[in-house]
Every structure is written in structure tokens, then in C-alpha cells.
Amino acid sequence: MSGAWWKRGVLYQIYPRSFQDSDGDGVGDLKGIERRLDALVDLGVDALWISPIYPSPMADFGYDVANYCAVDPRFGTLADFDALLAAAHARNLKVLLDFVPNHSSSQHPWFLESRASRESARRDWYIWRDPAPNGRPPNNWISDFGGSAWEWDEASGQYYLHAFLKEQPDLNWRNPAVRSAMYDVLRFWFARGVDGFRIDVLWHLIKAADLPDNPVNPRYRPEMGEAHRVLQAYSTDQPEVHGIAGEMRRIADSFGERVLIGEIYLPLGRLMHYYGRETAGVHLPFNFQLIDAPWSARGLARLIAEYEAALPEGAWPNWVLGNHDRPRVAARLGQAQARVAAMLLLTLRGTPTLYYGDELGLGHVDIPPDRVQDPRELREPGLGLGRDPVRTPMPWDTTANAGFTSGEPWLPLNADWAERNVETMARDAGSPLVLHRRLLELRRAHSALATGAIAIVESDGDVLAYARGTGDERLVVALNLGDTPQTFTLPHWARAARPLLSTLADPPPPAADRVALRPNEGMVLATPTAA
Ligand code: NOJ
């Protein structure tokens, strides 16, 4: 068994407001997460990434940080965090936090000081500009949540930049003092024992120095959300960001085997730069392609091959099916195909990140208008861009509120929680939860899956097939991405392969050279040489 833990391991994302409440306020907390660690061990994941837990006015539910080195009282205390970390480590679980470097809260003392006057020592910690000659914002940049990315400050007579809400002013990463303060934040948590960070919107950190207008997007349609009116050519992905990623990497590496994962939504070629070129960048630039890809066998085969081919020398791949910003995989693909997607995620080469609740097949949850929480939805209602439906409480059992809270949950539970919950599904061999456990067991048992090479195998129709191998072990994964029966012809080296796991019950024994796949069935097969 070789390789860093973050290469072999499987990550699990926890949205802390929604995992487990321990004090009855309807919002999850750190003690709640600690209580549920054994459930994560039973599931078989290796590391948790917890979305922001820092003190925050919660304008963007924690992605507006008012103090980078403390814990919001809603989630607990620093002592609770230390206890959670120790309890996780005692179970061989790693813990990653969410680092939010692009912007702070408008209530962060740094911003309050910056805003206080043009002469403030921290004025240049944020991005302030005079109005355009007509009094309008300095350029045409649009906030990712709609509206101008500039907010007028009457008192000091300038605009400040915010890529997200006006309550989330962008820090000025061209200022060395900002960099050094933010690097101290990384050191603070690394020294406490944190195993790594997911870095929020890494590609946003540096803007073109003279802040030119962004080009108009010729393909803009209103249903995309207003941010898409322009292409973020000058407001994101500037060359200098790679120097910053490199500096963060050096800090992480100085603490031993820690991991940095960058949140980056960019086309493949540009995404790959975040692994670093002359100097190392982040360990894993998140690969979100499976979230948006059309779900077809040929398309996915191409996507996997192109991604693998684009990886720089020595770079380790990773895959994601969902997160707290994007629609649930079961809502996108349906329950039957979501099982196949789970097999895909957990058998591809590279570190997978599972989003909490996807192991239960949580689907779309309707949020009544009077319970909408997400500022994304409130700012541009009705476009389907709101994120509340993917942030609903984790259903644990059949007691009140699915065991999530003794109070009123901050968002409604999934309507089917009486059946779709951890306790009930753990007893059902056909449940998505049991399938995830089996897949994770299989991944742990077979190095070919955890760290082996990958090659696409020729297939027809709706079948996506690939080989995974290491040493003399070779496995074949064959996935029926459609809802009709398919036949997969085994490559010659895999004749007489035997099924190790199917997404459906009772796989029929394979014929010598062909595998009959039922509608929406995925299979992992061991070739005769395999253990
Ligand atoms: C990306 C985060 O994933 C999202 O939830 C947040 O709203 C924005 N960054 C702003 O921090």
C-alpha cells in the first residue's frame, strides 16, 4: 500500500449546518459531527471536508468570514473543534477545513478598518476605486450572485469590489500584508492538526491590475443568471494566482503530509495549470466535469480520456459528482442511474469526493417560498439557481426530524425521510447506502481501484467500460448508462472475468466473453489473474 493518504483516500463533504444538531437550535454543529463519526467509519470514507465553521454573519452561510481563526458559536467552540479533530484522528479520519481567501465578511475587523477612511492603514487590504466619470461603478464586472460587483461607500466616496455578495468584499491579494495575514491563518489551523483545506474560489484571488471591463458574453441567456452577461476574462484566473497557490503549497508541505484542494471552475487546459508548472500548485484542483457533462457513454469515455491525457506529469486526478452549490446527482440522473454514477465516481482513477446525503440518494427537496434561505435564490429568484435544495438536513433515523435536531430544522427535510435515512437504509441490502459501503470496501480491498492505472476499454451502445490495474491485478468496470439491456464484449485479456460487485442484486454469471448488463446496471469484474 503506497501513496499519500489523499491519493488512496475518499473524501466526504459535510455541510455543517445540516449534518447533526446537538443543541436543538435546528442548525448542525461540531459536537453533532463528532457524534456521527462512527457512521462515517461505517460508510468507509477516509477524510471529511467541513464547509466553513468560522464566526460569520451568515450572509452566505459561512462563506462570509468575520474571523478566520475562531469558531462560530452556532457551531461550537475552538475546544469543540479540537475535540472533533482528536476524535476523528482516533478513528483514522482526516479533517479538512474550508479556507475562504478571496473575500471576508463586511463585518471582519479588517474591512471595518479599511472602510473607515481612505487613509486607513488597511484601506488597501480590499479593492477600492473611484467612480467612473459618470459616477457609475469603475467597470462592468458583475457579481456571481447578480448585480454590479461594485458597492458604493457614501462615507469614503469610493466603490469596493465584491465578486459575491456586497457583504463579502474581495481582499486585495496584490497586497503582501494580506498574503502574509492569510498565510498565518493556514499556519494557525495546520498547527492545530488540520489535515488540509479546500480553498474557496481559488481562481478568483487575483484580478487584472488595471481592472479592465470584462468582454460581453455572446452566448448569454437570462436563465444562466446575470453573472454570465460577461466573460470573467479579467476578474479571474490571472497568471499571478499561480504564485499564490505555490506559496500556499509550500506552507502546507512544511507541515508534512497535508493536502490543498482548489475550488476552480475552468476549462480543462486552464484547470491543469493549478497543479503548478515551475513550482507545485495545489495538490488537487477540483475536477467538476462529471457535474455538467451530458450523461452518455461515448461522451464520458472521451471526457475521462481527455482529463487523464491533460494531467501534468506526476499530477493526481480527482472526481466529484456533487457539492453544496450544485444540484444533487440523484435529482439530475434519477435514482437508478445515480447508483451507476456512484460506481463511476468510486472506481475512476483519482481521489473521489462524496457529498453528504448522496450515499442515501437524496434527491431534489422542494423548498417552500417562505423557507428560502439561500441569498443566491433571493437575489435572482425562480431561475433554479438556489442552493437550499442540496443543503437540507441529513436524515439519520425515523425519530422526530429524522434524528437531525430536537428543534425546528433550518431547512425542511427530504419528504421521503421516513424511508430515506441512514438507519433504515443500513438494513436494506438494496439501498444506495449499502451500495456505497460495498463500493468503498471494494476500493479499499483492491489497490487496482485505489491507485491503479486506468484505460478506457472499447464498448458499444450505452456501455462505458474501463480497466483498472496494478501489479498483476486487473479489473474491468462496465457501466450501462442507459435504461435498456446492453451487451458488453469483454476484451480478450478479460475473458471469463467474474463479477465482484453489481449495482443491482444477483448479477447473472457472465458468459465467457460477454457481459449482459441490465438497464442501469454497473459491474466491477475481476479478471482471472486478479486476487
Ligand atoms: C464558492 C462556495 O462553494 C459557495 O457556496 C459560495 O457562495 C461562494 N464560493 C462564495 O464564497
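The structure presented is a predicted model; accordingly, all values stated were derived computationally and were not measured.

Here we look at the site of the ligand
Move 1: In the neighbourhood of the ligand, 14 residues make up the surrounding shell, with Asp-60, His-103, Asp-200, His-324 and Asp-325 lying closest.
Move 2: Measuring from an oxygen atom of the ligand, one finds a side-chain N or O atom of Asp-60 at 2.5 Å.
Move 3: Coverage of the ligand by the protein chains reaches 98% of its 300 Å² of free accessible surface.
Move 4: Taken together, the residues of the shell around the ligand break down into 4 nonpolar, 3 polar and 7 charged.

Points about the packing of helix H6 (residues 176–192) against helix H7 (residues 241–254)
Move 1: Close contact between H6 and H7 brings their axes to 10 Å; oriented N to C, the two are set at 30 degrees. It follows from the interaxial angle that H6 and H7 lie roughly parallel. In this structure, H6 crosses over H7, and the sense of that crossing is right-handed. Residues Arg-179, Tyr-183, Leu-186, Arg-187 and Phe-190 of H6 lie in contact with H7, whose contacting residues are Ile-244, Glu-247, Met-248, Ile-251 and Ala-252.

Concerning the pattern of salt bridges
Move 1: Counted under the stated rule, the structure contains 33 salt bridges.
Move 2: Arg-391 is paired through a salt bridge with Asp-325; the nearest N and O atoms lie 3.1 Å apart. Taken together, the residues span a long stretch of sequence, with Arg-391 in the loop between helix H13 (375–379) and helix H14 (422–426) and Asp-325 in the loop between strand S10 (318–320) and helix H11 (329–333) at a distance of 66 residues.
Move 3: Owing to a relative accessible area of 21%, Asp-325 belongs among the partly exposed residues under this scheme.
Move 4: Measuring nitrogen to oxygen at the nearest pair gives 3.7 Å for the salt bridge that ties Arg-371 to Glu-408. One end of the pair, Arg-371, is in the loop between strand S11 (351–355) and H13; the other, Glu-408, is in the loop between H13 and H14, and 37 residues separate them in sequence.
Move 5: Of the residues examined, Arg-371 reaches a relative accessible area of 22% and is grouped as partly exposed.
Move 6: According to the relative accessible area criterion, Glu-408 is exposed, its value standing at 56%.

Some remarks on the sheet that holds strand S12 (residues 453–457)
Move 1: Across the sheet, which stays open at both edges, the 5 strands sit in the order S12-S13-S14-S18-S16 with antiparallel pairing between neighbours. Of all strands in the sheet, those with a lone pairing partner are S12 and strand S16 (498–502), marking the two edges. Strand-to-strand, the axes of this sheet are offset by a mean angle of 25 degrees, without reference to chain direction.
Move 2: As paired strands, strand S14 (residues 473–480) and strand S18 (residues 522–526) are joined by 5 bridges and run antiparallel to one another.

Focus on helix H5 (residues 109–116)
Move 1: All of the buried residues in H5 are Trp-110, Phe-111 and Ser-114. Here the buried residues of H5 occupy an arc of 90 degrees about the axis, which is enough to place them on one side.
Move 2: Among the structural elements, strand S4 (128–129), strand S6 (158–161) and H6 are those in contact with the buried residues of H5.

A look at the packing of helix H12 (residues 335–347) against helix H15 (residues 432–445)
Move 1: Running from N to C, H12 and H15 point in directions that differ by 20 degrees, and their axes come no closer than 10 Å. One way to sum up the angle between H12 and H15 is to call them roughly parallel. Crossing hand, H12 versus H15: right-handed. Taking contact as the criterion, the partners of Arg-339, Ala-342, Met-343, Leu-345, Leu-346 and Thr-347 in H12 are, on H15, Pro-432, Leu-435, His-436, Leu-439, Leu-440 and Arg-443.
Move 2: Partitioned by chemical class, the residues of the contact of H12 with H15 number 8 nonpolar, 2 polar and 2 charged.

Some details on the sheet that holds S4
The strands making up a sheet associate through hydrogen bonds between their backbones, and the pairing can be parallel or antiparallel.
Move 1: Read across the sheet, 3 strands follow the order S4-S6-S5 without closing on themselves; strand pairing throughout is antiparallel. Bordering the open sheet on either side are S4 and strand S5 (150–153), each of which pairs with just one other strand.
Move 2: Pairing between S5 and S6: 4 bridges, direction antiparallel. Residue pairing in the sheet places Trp-152 in a bridge with Tyr-159 of S6.

A look at the pairing of strand S3 (residues 94–99)
Move 1: Summarising burial for S3: 5 of the 6 residues are buried, a large majority.
Move 2: Bridging between strand S2 (residues 47–50) and S3 involves 4 bridges; their strand directions are parallel. Looking at S3, one finds that Ala-47 is bridged to Lys-94.
Move 3: Taken together, S2, helix H4 (residues 78–90) and S3 form a β-α-β motif whose crossover is right-handed.
Move 4: Looking at chain direction, S3 and strand S7 (residues 196–199) are connected through 4 bridges and run parallel. Looking at S7, one finds that Phe-99 is bridged to Ile-199.

Describing the environment of Arg-179
Move 1: Positionally, Arg-179 belongs in helix H6.
Move 2: For the pair Arg-179 and Pro-101, spaced 78 residues apart in the sequence, the C-alpha separation amounts to 9.2 Å.
Move 3: When sequence neighbours within four positions are dropped, the list of residues in contact with Arg-179 reads Trp-173, Ile-206, Ile-244 and Glu-247.

Side note on the side chain of Arg-198
Move 1: Inspection of the secondary structure assignment puts Arg-198 in strand S7.
Move 2: In this structure the side chain of Arg-198 is engaged in a polar contact, spanning 2.8 Å, whose partner is the side chain of Asp-200.
Move 3: Excluding residues within four positions of it along the chain, Arg-198 makes contact with Trp-49, Tyr-63, Leu-97, Asp-98, Phe-99, Ile-261, Glu-263, Phe-286 and His-324.

A closer look at the domain arrangement of the protein chain
Move 1: What the domain assignment reports for the protein chain is domain 1 (5–102 + 175–439), domain 2 (109–161) and domain 3 (452–530).
Move 2: The gap between the C-alpha centroids of domain 1 and domain 2 is 29 Å.
Move 3: Taken residue by residue, the interface counts 26 residues in domain 1 and 17 residues in domain 2.
Move 4: Between domain 1 and domain 2, the buried area comes to about 1,800 Å², and carbon and sulfur atoms account for 61% of it.
Move 5: Run the count over domain 1 and domain 2 and you get 0 salt bridges.
Move 6: Counting across the domain 1 and domain 2 interface gives 10 residue pairs in polar contact (both at pLDDT 80 or more).
Move 7: Within the residue set of the side of domain 1 that touches domain 2, elements represented by two or more residues are H6 and H13.
Move 8: The element best represented in the side of domain 1 that touches domain 2 is H6, accounting for 4 residues.

Rules and cut-offs
- Residues numbered from 1 in each chain as written.
- Predicted model: local features only at pLDDT ≥ 70, side-chain atom pairs only at ≥ 80, totals over all residues.
- Heavy atoms only, no water.
- Near = heavy atom within 4 Å.
- Polar contact = N/O pair within 3.5 Å; in protein donor to acceptor, adjacent residues only side chain to side chain.
- Areas by Shrake-Rupley, 256 points an atom, 1.4 Å probe, with all protein chains shown as cover.
- Nonpolar A, V, L, I, M, F, W, Y, C, P; charged D, E, K, R; others polar.
- Axes fitted to C-alpha atoms, helices over the stretch in contact; angles between N-to-C directions.
- Helix = DSSP H or I, 4+ residues; strand = E, 2+ residues; numbered from the N terminus.
- Parallel < 35°, antiparallel > 145°, perpendicular 65-115°, else oblique.
- Left-handed = near helix turned anticlockwise from the far one by under 90°.
- Contact = heavy atoms within 4.5 Å.
- Salt bridge = Lys/Arg side-chain N within 4 Å of Asp/Glu carboxyl O.
- Buried < 20%, exposed > 50% of the residue type's maximum accessible area, 1.4 Å probe, protein only.
- Pairing = 2+ DSSP bridges.
- Arc of directions from axis to C-beta.
- Right-handed = clockwise from strand over helix to strand, strands pointing away.
- Domains from an automatic or database assignment.
- Buried area = accessible area lost by both parts, 1.4 Å probe.

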